[in-house]
Amino acid sequence: MTSAAHTPLEGRADALFIESRVDAGRAVLTPRGELVRGCADVLAGKLAELPAGVGLVELDMTGVVFMDTAGLQFLETLGDYAELHGVPVATANWDGQPRRILELAGLDTTDPLHATRATTSHPSSSSAVALERAEQLRLLKEEVEQLRQAIASRPVIDQARGILMATQGCTSEEAWTILRQTSQLSNTKLRTVAAAVTASTASDGAPPPAEVRAALQTAIARRGH
């Protein structure tokens, strides 16, 4: 028996869908997209659709390109299914940013479900373990937030670099150095500096704030020294 279906994450059709195939009692699920808020519900719905008699569930995570803390709920949902139905469950092929998130969360990247089940089965094993897990989750959330900010900032920073390359006749690397030094000298976030540089080139754009303008002039003057 074989079946295939796509399940879009509500509100974000491109965030996650899960393709499934069942053959001779073995179910292979292939998530594609992002493990973000709501992903556990998508997985629960897909697991509920599996026919009776499934004796093994495997997930190929190759197509998962991004994961935040909601991915841990995704794993918990999978572990709960395994315990409720007495069915072996395994995930494989974690890579890139999702793999890094598993590492930060203290999970085995080759078998994260094993660590998840072990932790939830013995919640009172050690207060030190609980504290360590809390710290790991804090670091995890910080890294995810930094990544989101970097993704959001990239376009405006690239625009500012292009403007400096055109107006100052510098290389891409030199433009990056100018922006970074301006940020440091003015104690202003890099994205804010880039946005000010970009906005100042518009026909009705205002010049950068005085402190940013002064720092920018200093950074440009340092080029080549």
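Read on for a plain summary of the structure. Please read all numbers here as calculations on a predicted model, not as lab measurements. (Residues numbered from 1 in each chain as written. Predicted model: local features only at pLDDT ≥ 70, side-chain atom pairs only at ≥ 80, totals over all residues. Heavy atoms only, no water.)

Along the backbone of the protein chain there are eight helices and five strands. Sequence-distant contacts, at least 24 apart, represent 62% of the contacts inside the protein chain between residues at least 6 apart. As displayed, the protein chain has an accessible area near 12500 Å², and 52% of this comes from carbon and sulfur atoms. (Helix = DSSP H or I, 4+ residues; strand = E, 2+ residues; numbered from the N terminus. Contact = heavy atoms within 4.5 Å. Areas by Shrake-Rupley, 256 points an atom, 1.4 Å probe, with all protein chains shown as cover.)

Looking now at the packing of helix H6 (residues 172-186) against helix H8 (residues 210-222). At a minimum axis distance of 8 Å, the contact between H6 and H8 shows a crossing angle of 135 degrees. For the element pair H6 / H8, the angle class is oblique. The two elements H6 and H8 meet at a crossing, and its hand is right-handed. Only Glu211, Val212, Ala215, Leu216, Thr218, Ala219, Ile220 and Arg222 of H8 make contact with H6, whose side of the interface consists of Ile178, Gln181, Thr182, Leu185 and Ser186. (Axes fitted to C-alpha atoms, helices over the stretch in contact; angles between N-to-C directions. Parallel < 35°, antiparallel > 145°, perpendicular 65-115°, else oblique. Left-handed = near helix turned anticlockwise from the far one by under 90°.)

Further remarks concern the nonpolar core. Among the nonpolar cores identified, the biggest contains 34 residues, and Leu29, Leu35, Leu43, Leu47, Leu50, Val57 and Leu59 are the most heavily contacted of them. Only strand S1 (16-23), strand S2 (26-35), helix H1 (39-48), strand S3 (56-60), strand S4 (64-67), helix H2 (70-85) and helix H3 (96-104) provide two or more residues apiece to this core. The greatest single-element share of this core, amounting to seven residues, is contributed by H2. Once residues lying within four places of it in the same chain are set aside, the contact partners of Leu47 are Leu29, Val57, Thr77, Leu78 and Tyr81. Core analysis: the second largest hydrophobic core is formed by 15 residues, Ile157, Val193, Ala194 and Val212 among them. (Core = buried A, V, L, I, M, F, W, Y, C linked by side-chain atoms within 4.5 Å. Buried < 20%, exposed > 50% of the residue type's maximum accessible area, 1.4 Å probe, protein only.)

Tallied over the full model, the rule gives four salt bridges. The partner of Glu58 in a salt bridge is Arg26, with the nearest N and O atoms 2.7 Å apart. A residue pair is termed long-range when its members are at least 10 positions apart, and Glu58 in strand S3 and Arg26 in strand S2 qualify at 32 residues. Note on Glu58: relative accessible area 25%, which makes it partly exposed. Here Glu49 and Lys46 are joined by a salt bridge, their closest N and O atoms 3.1 Å apart. By relative accessible area, which is 55% here, Glu49 ends up exposed. (Salt bridge = Lys/Arg side-chain N within 4 Å of Asp/Glu carboxyl O.)

Where H1 is concerned, the buried positions are Cys39, Ala40, Val42, Leu43, Lys46 and Leu47. One side of H1 holds all its buried residues, which, seen down the axis, span an arc of 160 degrees. Along H1, exposed side chains directed more than 90 degrees from the buried face belong to Asp41 and Ala48. At its buried positions, H1 is contacted by S1, S2, S3 and H2. (Arc of directions from axis to C-beta.)

Read these as spatial facts, not as claims about activity.
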